[in-house]
Amino acid sequence: MELKSVKINPEWRAVLMEEFKKPYFKELANFVKNEYKNNNIYPPSKAIFNAFNLCPFSKVRVVVLGQDPYHGKGEAHGLAFSVPDGVNIPPSLKNIYKEIYSDLGISTPKTGNLECWAKQGVLLLNAILTVNADNPASHRKKGWEEFTDAVIKKLSDEKEGLVFLLWGQYAKEKGKIIDNKKHLVLEAPHPSPFSAYSGFFGCKHFSKTNKYLASRGKRPIDW
């Protein structure tokens, strides 16, 4: 995965060009390239930057921060918490849908594909963008975290009035670089079955997001 082969939206390419030139990214690119060559890696290589391609820098209004891709066959497609059409809805996403229903009265979709959110300006960003099959967090500390920190900092520094949804301790820690004077930062426990009942349910992040966007003259998200 060399810079010229990074299939990323032109806006993001321009914003992140300096990042792509840094030594750590070149090491990361070599690591990822070798992993795809020698192991079973998710998501498919063409989908690594799916979140960026579906949600250009100028269109970002909301950022949802995940950890790393789903590690089961056919689940990951480059969007945090999302799965392709026809794949069973994962437990965390089921709980997200439950909270949306409780908060806004929107019925649960039959699909776990969140591309419709991405196309409205919701950046579904995992902190780590690749993973070995059946081995969660296997690509930790290879450089992805540094890259996605740079993404978050660019968004925080260069835009105003974004909503950042930080669910779980990992996302909260990663979100410390966000300027909460310029943006709305909403925190809650992770929506996984292990923690959703400790404060994710009832957080009303979806209505709070839309209220904030509306207060700034922006179109709300159709969750």
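How each quantity is defined
Residues numbered from 1 in each chain as written. Predicted model: local features only at pLDDT ≥ 70, side-chain atom pairs only at ≥ 80, totals over all residues. Heavy atoms only, no water. Helix = DSSP H or I, 4+ residues; strand = E, 2+ residues; numbered from the N terminus. Rg over C-alpha atoms; globule rule 2.2 N^0.38 Å. Buried < 20%, exposed > 50% of the residue type's maximum accessible area, 1.4 Å probe, protein only. Contact = heavy atoms within 4.5 Å. Salt bridge = Lys/Arg side-chain N within 4 Å of Asp/Glu carboxyl O. Phe/Tyr/Trp six-rings, centres within 6.5 Å; stacked < 30°, edge-to-face > 60°. 1 Å grid on protein atoms, 1.4 Å probe; cavity = no way out; pocket = protein on both sides within 12 Å on 5 of 7 lines; lining within 4 Å. Points joined across faces, edges and corners; volume = space filled by probe spheres on them. Nonpolar A, V, L, I, M, F, W, Y, C, P; charged D, E, K, R; others polar. Pairing = 2+ DSSP bridges. Right-handed = clockwise from strand over helix to strand, strands pointing away. Axes fitted to C-alpha atoms, helices over the stretch in contact; angles between N-to-C directions.

Regarding the overall build of the protein
When helices and strands are tallied, the protein shows nine helices and six strands. Relative to the globule expectation of 17 Å for 223 residues, the C-alpha radius of gyration of the protein, 17 Å, shows essentially globular dimensions. Projecting the C-alpha coordinates of the protein onto the three principal axes gives extents of approximately 45 × 35 × 25 Å. Sorting the 223 residues of the protein into buried and exposed places 53% on the buried side. If you take every contact in the protein between residues at least 6 apart in sequence, the share linking residues at least 24 apart comes to 67%.

Side note on the environment of leucine 104
Within the secondary structure, leucine 104 sits in helix H5 (residues 91-104). It is 6.6 Å that separates the C-alpha atoms of leucine 104 and serine 207, two residues lying 103 residues apart in sequence. Look past the residues within four positions of leucine 104 in its chain and what remains in contact with it is Phe206, Ser207 and Trp223.

Notes on the pattern of salt bridges
Under the defined criterion, the tally for this structure stands at six salt bridges. A salt bridge links glutamate 18 to lysine 21; the shortest N-O distance between them is 3.7 Å. On the basis of relative accessible area, lysine 21 is assigned to the partly exposed category, the value being 47%. With its nearest N and O atoms 3.2 Å apart, the salt bridge here joins glutamate 19 to lysine 22. Assessed through its relative accessible area of 11%, glutamate 19 is described here as buried. Under the relative-accessibility criterion, lysine 22 is labelled partly exposed at 35%.

Points about the side chain of threonine 148
Along the chain, threonine 148 turns up in helix H7 (residues 144-158). Apart from the residues within four sequence positions on either side, threonine 148 is in contact with Leu125, Asn126, Ala127, Leu129 and Lys174.

Focus: the packing of aromatic side chains
Given two aromatic rings, their pairing is described by the distance between the two centres and the angle made by the two planes. Applying the stated criterion to the full structure yields 19 aromatic pairs. Both rings, one in phenylalanine 49 and one in phenylalanine 147, keep their centres 6.1 Å apart while their planes meet at 75 degrees; by these two values the pair is edge-to-face. With phenylalanine 49 in the loop between strand E1 (41-42) and helix H4 (50-54) and phenylalanine 147 in helix H7, the pair connects residues that are 98 residues apart, well separated along the chain. Overall, phenylalanine 147 belongs to the buried group, its relative accessible area being 0%. Judged by centre distance (4.8 Å) and plane angle (90 degrees), the ring pair of tryptophan 117 and tryptophan 223 falls under edge-to-face. One end of the pair, tryptophan 117, is in helix H6 (residues 115-118); the other, tryptophan 223, is in the segment after helix H9 (205-215), and 106 residues separate them in sequence.

Concerning the layout of surface pockets
Its boundaries defined by the atoms lining it, the largest pocket holds a volume of some 550 Å³. Lining the largest pocket are 28 residues, and of these Asp68, Pro69, Tyr70, His71 and His190 lie nearest its centre. Residue composition of the lining of the largest pocket, by class: 15 nonpolar, 11 polar and two charged.

Digging into empty space enclosed by the protein
Under the counting rule described, the total for this entry stands at one cavity of 30 Å³ or more. In this structure, the largest cavity spans a volume of roughly 40 Å³. Taken together, Leu65, Gly66, Gln67, Phe81, Trp167, Tyr170, Ala171 and His190 make up the lining of the largest cavity. Residue assignment for the lining of the largest cavity shows that the elements contributing at least two residues are strand E2 (62-66) and helix H8 (169-174). For the lining of the largest cavity, the residue count by class is five nonpolar, three polar and no charged.

Description of the pairing of strand E6 (residues 184-188)
Pairing of strand E5 (residues 163-167) with E6, which is carried by five bridges, proceeds in the parallel orientation. Across the sheet, leucine 166 pairs through a bridge with glutamate 187, a residue of E6. Considered for its hand, the β-α-β crossover made up of E5, H8 and E6 is right-handed.

Observations regarding the sheet that holds E6
Strand order in the open sheet made by the four strands is E3-E2-E5-E6, with parallel pairing throughout. Both outer strands of the open sheet, strand E3 (122-126) and E6, are each paired with one neighbouring strand and no more. Geometrically, the sheet is characterised by an average inter-axis angle of 20 degrees between neighbouring strands, direction not taken into account. Bridge count for E2 against E5 is four bridges, and the pairing is parallel. Looking at E5, one finds that valine 62 is bridged to valine 163.

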